[in-house]
Amino acid sequence: APRAHRPRTQRQHGAAASVPLWATVRTVFLASLLTRRRLARQVSLFSQVASDNLARVAQLFEFREVNPEATLMTQGELGTSFFVLLAGSIGIYKDKLHVKTVDVSGELSKELLPVIGESALIKYNATRDATVMTESACQLLVCRSNHFKELLRLMPRLKQQLMEVHLAKKRQSE
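This one's a predicted model, so the numbers in the text were calculated from it and none came from an experiment.

Asker: What's the story with the nonpolar core in this structure? I'm lost.
Answerer: Buried together is how nonpolar side chains tend to be arranged in soluble globular proteins. Judged by nonpolar contacts, the single largest core of 40 residues is most densely connected at Phe46, Phe61 and Phe82. Here this core takes seven residues from strand β5 (residues 81-94), the largest share from any one element.

Shown next, in the form of structure tokens:
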């Protein structure tokens, strides 16, 4: 009996299901195009970065799709990366109690994209203030601490700018 055609697939890091290869390539391509624009317009953490440096900043991120109920970070652990939520819902938990849900539709809009976990990297070797879990399938940009440290080495003024933006963000949430 003839076998039905099955598209080639590639496993995504953090994803349980296989994704057709063409969809992965298309998603990554679209994400890389949108990243530079979104970093410039929609991520408050990088709002003070000069436009000629945004391309360098954008190269630090990798695109990741994550299934529901995945743990992105755990309270008390050392911070090793931070995330920009492009699409999906995440739950924030402090001392195992649900504090907040953050939801992004994934459609291009003028809303700021949430940055999650940056304080542990900005403060250098700090632990996580909360546990963050996905509540739905999520699309994220991930920046690992070694990439972030390299960026700060290349752009020394950036750390002070990020600290100012971070402190302003913290004041707004209190």
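Asker: Looking at this structure, how should I read the side chain of Ser89?
Answerer: Mapped onto the elements of the fold, Ser89 is located in strand β5. Side-chain polar atoms of Ser89 contact the side chain of Asp103, separated by 2.4 Å. Among residues more than four places away in sequence, those in contact with Ser89 are Val102, Asp103, Met133, Thr134, Glu135, Ser136 and Cys138.

Asker: Even after reading the chapter, I still don't get the packing of aromatic side chains, so can you show me in this structure?
Answerer: What describes a pair of aromatic rings is the distance from one ring centre to the other and the angle between the planes of the rings. Per the stated rule, a full pass over the model turns up two aromatic pairs. Aromatic pair Phe61 and Phe82: ring centres 5.7 Å apart, planes at 90 degrees, arrangement edge-to-face. Here Phe82 lies in strand β5 and Phe61 lies in strand β3 (residues 61-66), a separation of 21 residues in the sequence. Neither residue differs from the other here; Phe61 and Phe82 are each classed as buried. Relative to Phe148, the ring of Phe82 has its centre 5.4 Å away and its plane inclined at 85 degrees; by these criteria the two rings are edge-to-face. Of this pair, Phe82 sits in strand β5 while Phe148 sits in helix α4 (residues 145-154), and the two are 66 residues apart along the sequence. The buried category is assigned to Phe82, whose relative accessible area is 0%.

Asker: Would you mind showing me how to read α4 here?
Answerer: Residues three or four positions apart in an α-helix share a direction because the helix packs 3.6 residues into each turn. Along α4, the residues that are buried comprise Ser145, Phe148, Leu151 and Leu152. For α4, the buried positions fall inside an angular range of 120 degrees around the axis, keeping them on one side.

Asker: I tried to follow the environment of Ile92 on my own but got confused; where do I start?
Answerer: Secondary-structure assignment places Ile92 in strand β5. As for Ile92 and Thr134, which are separated by 42 residues in sequence, their C-alpha atoms are 8.9 Å apart.

Calculation rules
- Residues numbered from 1 in each chain as written.
- Predicted model: local features only at pLDDT ≥ 70, side-chain atom pairs only at ≥ 80, totals over all residues.
- Heavy atoms only, no water.
- Core = buried A, V, L, I, M, F, W, Y, C linked by side-chain atoms within 4.5 Å.
- Buried < 20%, exposed > 50% of the residue type's maximum accessible area, 1.4 Å probe, protein only.
- Helix = DSSP H or I, 4+ residues; strand = E, 2+ residues; numbered from the N terminus.
- Polar contact = N/O pair within 3.5 Å; in protein donor to acceptor, adjacent residues only side chain to side chain.
- Contact = heavy atoms within 4.5 Å.
- Phe/Tyr/Trp six-rings, centres within 6.5 Å; stacked < 30°, edge-to-face > 60°.
- Arc of directions from axis to C-beta.

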